[in-house]
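Residue-level structural notes
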Amino acid sequence: MGSANQTGNAARKARIEEMRRAQQARERRNRILVITGSAVAVAALVAGGVFVVKSQSGDDSSSSTASDSKASGQWVTGSDGVKTWKGTLGRTHVAKTVKYPMEPPVGGNHDPVWLNCNGNVYTEPVNNMNAVHSLEHGAVWVTYNSKADKADVDALAAKVKKTPYTFMSPDDEQADPIMLSAWGKQRTVTGADDANVDKFFEQFVQGEQTPEPGASCTGGTMK
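Along the protein chain, the regular secondary structure elements total five helices and nine strands. Beginning at the N terminus, the succession of helices and strands in the protein chain can be written as α-α-β-β-β-β-β-α-β-α-β-β-β-α. Within the protein chain, residue pairs in contact and separated by at least 24 positions form 67% of the contacts whose partners lie at least 6 positions apart. If you sum the accessible surface of the protein chain, you get close to 12,800 Å²; carbon and sulfur atoms cover 54% of it.

Where helix α5 (residues 195-204) is concerned, the buried positions are N196, V197, F200, F201 and F204. When α5 is viewed along its axis, its buried side chains cluster within an angular range of 140° and face the same direction. Along α5, exposed side chains directed more than 90 degrees from the buried face belong to K199 and E202. The inward-facing, buried residues of α5 abut β6 (140-144), α4 (150-161), β7 (166-170), β8 (178-182) and β9 (185-188). Positive phi shows up at Q206, right after α5, with a value of about 55°.

A few words on the environment of A175. Along the polypeptide, A175 turns up in the loop between β7 and β8. Remark: the alpha-carbon pair of A175 and N145, spanning 30 residues in sequence, is separated by 8.3 Å.

Our focus in this paragraph is the environment of D194. Relative to the helices and strands, D194 is located in the loop between β9 and α5. Between the C-alpha atom of D194 and that of D152, which follows or precedes it by 42 residues, the distance is 9.9 Å.

What the rule picks out here adds up to four salt bridges. Across the pair R91 and E136 runs a salt bridge whose closest N-O atoms are separated by 2.8 Å. With a gap of 45 residues between them, R91 in the loop between β3 (83-87) and β4 (97-99) and E136 in helix α3 (residues 128-136) connect regions that are remote in the sequence. The partly exposed category is assigned to R91, whose relative accessible area is 40%. Look at E136 and you get buried, because its relative accessible area is 1%.

Relative to the helices and strands, E202 resides in helix α5. Taking the relative accessible area as the measure of exposure, E202 reaches 66% and is therefore exposed. The sequence separation of E202 and V140 amounts to 62 residues, and the corresponding C-alpha distance is 10.0 Å.

Turning to the state of the cysteines, a few remarks are in order. Counted according to the given criterion, the structure contains one disulfide. Here C117 engages in a disulfide with C217; their sulfurs sit 1.6 Å apart. Here C117 and C217 share a disulfide; its torsion about the S-S bond, -90°, makes the bridge left-handed. Of this pair, C117 sits in the loop between β4 and β5 (118-121) while C217 sits in the segment after α5, and the two are 100 residues apart along the sequence.

This part takes up the side chain of N120. Checked against the element boundaries, N120 lands in strand β5. Among the polar contacts made by the side chain of N120, one reaches the main-chain amide nitrogen of N118 at a distance of 2.7 Å. Other than its neighbours up to four places away in sequence, N120 contacts V160, T166, F167, M168 and M222.

Definitions and limits used
Residues numbered from 1 in each chain as written. Predicted model: local features only at pLDDT ≥ 70, side-chain atom pairs only at ≥ 80, totals over all residues. Heavy atoms only, no water. Helix = DSSP H or I, 4+ residues; strand = E, 2+ residues; numbered from the N terminus. Contact = heavy atoms within 4.5 Å. Areas by Shrake-Rupley, 256 points an atom, 1.4 Å probe, with all protein chains shown as cover. Buried < 20%, exposed > 50% of the residue type's maximum accessible area, 1.4 Å probe, protein only. Arc of directions from axis to C-beta. Salt bridge = Lys/Arg side-chain N within 4 Å of Asp/Glu carboxyl O. Disulfide = S-S within 2.5 Å. Polar contact = N/O pair within 3.5 Å; in protein donor to acceptor, adjacent residues only side chain to side chain.

On their own, these measurements won't tell you what the molecule is for.
Rendered as structure tokens:
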């Protein structure tokens, strides 16, 4: 009897030990699966995060910034000193930032909203894309950099304020101290008393170069 009990206890212990080993094996497998799954999930999150960061940081430059391929061409300077852009100037309304081949730009794809140009004088740099839209409406844009004489800037501002379809702003990216721009046209002047200022205004404020003559210079944006 005792021998039978001992045999039964030994068998039971053996089964319990086997079950314990099986349970431990299952737990090890589960831990491996959890660790593997976590690693995969983390890797996926990291990869997704990198993609989002790259997308938001503008690594894909084609989605946020683009050169205006339709503004390809070159300047041709006339005997009167006015430069004319010989080439195609796009006129498509776009949301992404456009890099223009000239500064200040004289045309090309631009923002759907124009910059107010009813004799507006801006004391801070303006968005080129809004300004180009104003040129499309037949405005003349007066720009100056830090090398321009303050007296000339003040005198030009006074002229702009009383001339519809004109606007003025600083532009430290331009090459010369004072420049005048219209759609497809541009020239440098020596100062406010340069006779070419009046000539440029007379010829190009709502001039023949205007793609959209009579379009509004109010009701747009002021920045």
